[in-house]
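Here is how the chains run, residue by residue.
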Amino acid sequence: MTPNTLRGRLDVDIDGKSVPVLLNMNSLRLLTENEKIALADFDKEIQKNPLSFIPRLLYWGAVNMATRAGKTAKAVPTFEIFAAHICEDDEQFAELAEKVAEVFTGGKAEKSGK
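Treat the numbers as computed from the prediction; the structure is a model and nothing was measured.

Caption draft 1: Seen up close, helix α1 (residues 25-35). Residues of α1 that are buried: S27, L28, L30, L31 and T32. Count one or two residues on from α1 and you reach K36, which has phi positive near 55 degrees.

Put into structure tokens, the structure is as follows:
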């Protein structure tokens, strides 16, 4: 079996609280199913509006991590709260976007971004 190279674990700071995010094949499944995005259109969606796409991808990664930990999606702040915190800090947004890029280019996103 080939290991999944599309995998990254990071944390997002939401109102002083660290919210764990796991980006992997399941988070992509959650994103594409819930946001009605065809996997073939993934690159187009990123290019079209990264200010929306990066928070959406991270949000579904947080839902994925909560689910894996046996929690419900309610353990994660709403998408609007999640996105508001990610987008209000230019440095955090840039750092998170870089970590997302590392995940999808085979790098490793391991530690938290604030």
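Having seen it, we continue.
Caption draft 2: Examining the environment of N64 more closely. The residue N64 is located in helix α3 (residues 50-68) in this model. If near-sequence neighbours (up to four positions away) are discounted, N64 is found in contact with L22, N24, N26, S27 and L30. At 2.7 Å, the side chain of N64 forms a polar contact with the side chain of N26.

Caption draft 3: Representation of the packing of aromatic side chains in the model. Tallied over the full model, the rule gives 4 aromatic pairs. Judged by centre distance (5.7 Å) and plane angle (85 degrees), the ring pair of Y59 and F79 falls under edge-to-face. With a gap of 20 residues between them, Y59 in helix α3 and F79 in helix α4 (residues 79-87) connect regions that are remote in the sequence. Judged by centre distance (5.7 Å) and plane angle (75 degrees), the ring pair of Y59 and F82 falls under edge-to-face. Here F82 lies in helix α4 and Y59 lies in helix α3, a separation of 23 residues in the sequence. Each member of the pair, Y59 as well as F82, is classed as buried. The rings of Y59, W60, F79 and F82 are connected pair by pair, giving a single aromatic cluster.

Caption draft 4: Up close: the packing of α4 against helix α5 (residues 90-104). Interhelical geometry of α4 versus α5 gives an angle of 105 degrees and a closest axis separation of 6 Å. In terms of orientation, α4 lies roughly perpendicular with respect to α5. Contacts between α4 and α5 involve H85, I86 and C87 on the former and, on the latter, Q92, F93 and L96. Tallied by class, residues from the contact of α4 with α5 come to 4 nonpolar, 2 polar and no charged.

Caption draft 5: Just the packing of α3 against α5, in detail. Closest axis-to-axis distance for the α3/α5 pair is 11 Å, and the angle between their directions is 65 degrees. In terms of their interaxial angle, α3 and α5 are classed as roughly perpendicular. Once α3 is placed against α5, the crossing between them reads as left-handed. Here P50, L51, I54, P55, L57 and L58 of α3 lie close against α5, whose contacting residues are F93, L96, A97, V100 and F104.

Criteria and cut-off values
- Residues numbered from 1 in each chain as written.
- Predicted model: local features only at pLDDT ≥ 70, side-chain atom pairs only at ≥ 80, totals over all residues.
- Heavy atoms only, no water.
- Buried < 20%, exposed > 50% of the residue type's maximum accessible area, 1.4 Å probe, protein only.
- Helix = DSSP H or I, 4+ residues; strand = E, 2+ residues; numbered from the N terminus.
- Contact = heavy atoms within 4.5 Å.
- Polar contact = N/O pair within 3.5 Å; in protein donor to acceptor, adjacent residues only side chain to side chain.
- Phe/Tyr/Trp six-rings, centres within 6.5 Å; stacked < 30°, edge-to-face > 60°.
- Axes fitted to C-alpha atoms, helices over the stretch in contact; angles between N-to-C directions.
- Parallel < 35°, antiparallel > 145°, perpendicular 65-115°, else oblique.
- Nonpolar A, V, L, I, M, F, W, Y, C, P; charged D, E, K, R; others polar.
- Left-handed = near helix turned anticlockwise from the far one by under 90°.

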